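Take a look at the letters that make up each chain.
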Amino acid sequence: MTPDEIESLFTRQGRYSFARWGRPIAPVVFGVEDETLRMLKGCIEAVTTFAGHPMAETDMEIGTNLMLFFLRDWSELSGVPNLDKMIPDIDRIVSKLAKADAVQYRTFRFDEAGAIKAAFAFVRMGGGMEKLPADTIGLMQAAQIMLTWGEGAFAETSPLAKHPESGVTMLRPEIADLIRAAYDPVMPVAADDPSHALRLSARIQG
């Protein structure tokens, strides 16, 4: 990937904004059956493994630091206990999502170094999302919570692709390479200078 292509993936409101997780990811999933739960966690584990980033049962500071919610209607979030304490403006967000007929939403929390310390992902099983296999949804969500992608990163092109021979759903090779490069230990956990895209591109090419 070229530096310009990478920069566009991490541009938000006209500014370059990148962050990766700075601690092991401890996920919990709501709104699915046990079999689907295992598959979703397996997708997260697959992405973190090739990125070289650890998972954990609990976060020492906040317990669970990745929460994934699956629902049929955005109004269901209004009944989730204490969600307003974790996301203070949740009512405004729910109203906005319902009006836009959105099918997914993510929000992040960051530590003092700018690294991701917590993430909340919401998936509405409607608008075509309910027709996708669970592993496709899981892999898509896993890819999108690993980094703070810009708002238009996957607006036109999915981060996923079909393996040309087996037909198995996988991350697009260039996206997998980018995630792996972003988690290189020598790279910063957060960056707001577009020159960071140059460094990522160099690592992918190398």
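Everything here concerns the structure above.
Residues numbered from 1 in each chain as written. Predicted model: local features only at pLDDT ≥ 70, side-chain atom pairs only at ≥ 80, totals over all residues. Heavy atoms only, no water.

**Q** Which residues make up the overall build of the protein, and what values do they have?
**A** Looking only at helices and strands, one finds 7 helices and 10 strands in the protein. Taking 206 residues into account, the globule formula puts the C-alpha radius of gyration at 17 Å, and the protein, at 17 Å, falls close to it. When each of the 206 residues of the protein is scored for burial, the buried share is 43%. Across the protein, contacts joining residues at least 24 apart in sequence account for 67% of those joining residues at least 6 apart. Of the accessible surface of the protein, which amounts to about 10800 Å², a share of 51% is contributed by carbon and sulfur atoms. Mean positive and mean negative side-chain charge positions of the protein (21 and 28 charges, respectively) differ by 2 Å. (Helix = DSSP H or I, 4+ residues; strand = E, 2+ residues; numbered from the N terminus. Rg over C-alpha atoms; globule rule 2.2 N^0.38 Å. Buried < 20%, exposed > 50% of the residue type's maximum accessible area, 1.4 Å probe, protein only. Contact = heavy atoms within 4.5 Å. Areas by Shrake-Rupley, 256 points an atom, 1.4 Å probe, with all protein chains shown as cover. Lys, Arg positive; Asp, Glu negative; His and termini not counted. Charge placed at Lys NZ, Arg CZ, Asp CG, Glu CD.)

**Q** Provide a residue-level description of helix α6 (residues 173-182), including the pertinent values.
**A** All buried positions along α6 are accounted for by Ile175, Ala176, Leu178, Ile179, Ala181 and Ala182. Buried residues in α6 make contact with α1 (3-9), β3 (18-19), α2 (34-51), α5 (134-145), β9 (169-171) and α7 (195-205).

**Q** Describe the nonpolar core, and please don't skip the residues or the numbers.
**A** One finds Phe10, Met146, Leu147, Trp149, Leu178, Ile179 and Leu200 to be the most contacted residues of the largest nonpolar core, which totals 50 residues. Each residue touching Phe10, except ones within four places of it in the same chain, is listed here: Arg15, Tyr16, Ser17, Phe18, Leu147, Thr148, Trp149, Gly150, Leu178 and Leu200. The next biggest cluster of nonpolar side chains, apart from the first, holds 14 residues, and it includes Trp74, Ile87, Ile90 and Phe120. (Core = buried A, V, L, I, M, F, W, Y, C linked by side-chain atoms within 4.5 Å.)

**Q** A description of the environment of Leu40 should follow, citing residues and the corresponding values.
**A** Locating Leu40 in the fold gives a position in helix α2. Its relative accessible area of 4% is what places Leu40 among the buried residues. Here the alpha-carbon distance between Leu40 and Gly138, two residues 98 residues apart in the chain, equals 4.8 Å. The residues touching Leu40, leaving out its near neighbours within four places in the chain, are Val29, Val32, Phe70, Ala134 and Gly138.

**Q** Tell me what's going on with unusual backbone geometry, and back it up with residues and numbers.
**A** The phi dihedral of Gln13 falls on the positive side, at around 55 degrees, and the residue is not glycine. On the secondary structure map, Gln13 appears in the loop between β1 (11-12) and β2 (15-16). Its identity as a non-glycine residue notwithstanding, Asp101 has a phi of 55 degrees, on the positive side. Within the fold, Asp101 resides in the loop between α4 (90-100) and β6 (104-110). Note on Asp101: relative accessible area 53%, which makes it exposed.

**Q** How would you explain the sheet that holds strand β7 (residues 116-124) if you had to name every residue and give the values?
**A** Read from one edge of the open sheet, 4 strands run β4-β5-β7-β6, paired in mixed fashion. On the outer flanks of this sheet lie β4 (27-30) and β6, each paired with one strand and no other. The mean angle between the axes of side-by-side strands here comes to 10 degrees, regardless of whether they run parallel or antiparallel. In this sheet, strand β5 (residues 66-71) lies alongside β4 in parallel orientation, the contact comprising 4 bridges. Note that in β5 the partner of Phe30 across the bridge is Phe69. (Pairing = 2+ DSSP bridges. Axes fitted to C-alpha atoms, helices over the stretch in contact; angles between N-to-C directions.)

**Q** Quick rundown of the pattern of salt bridges? Include the residues and the values.
**A** Tallying each qualifying case throughout the model produces 8 salt bridges. Two residues, Glu61 and Arg23, come together in a salt bridge whose shortest N-O distance is 3.1 Å. Here Glu61 is found in the loop between α2 and β5, whereas its partner Arg23 is found in the loop between β3 and β4, with 38 residues between them in sequence. Assessed through its relative accessible area of 52%, Glu61 is described here as exposed. Each of the salt bridges in this network shares a partner with another, and the network as a whole consists of Arg23, Asp59, Glu61 and Lys117. (Salt bridge = Lys/Arg side-chain N within 4 Å of Asp/Glu carboxyl O.)

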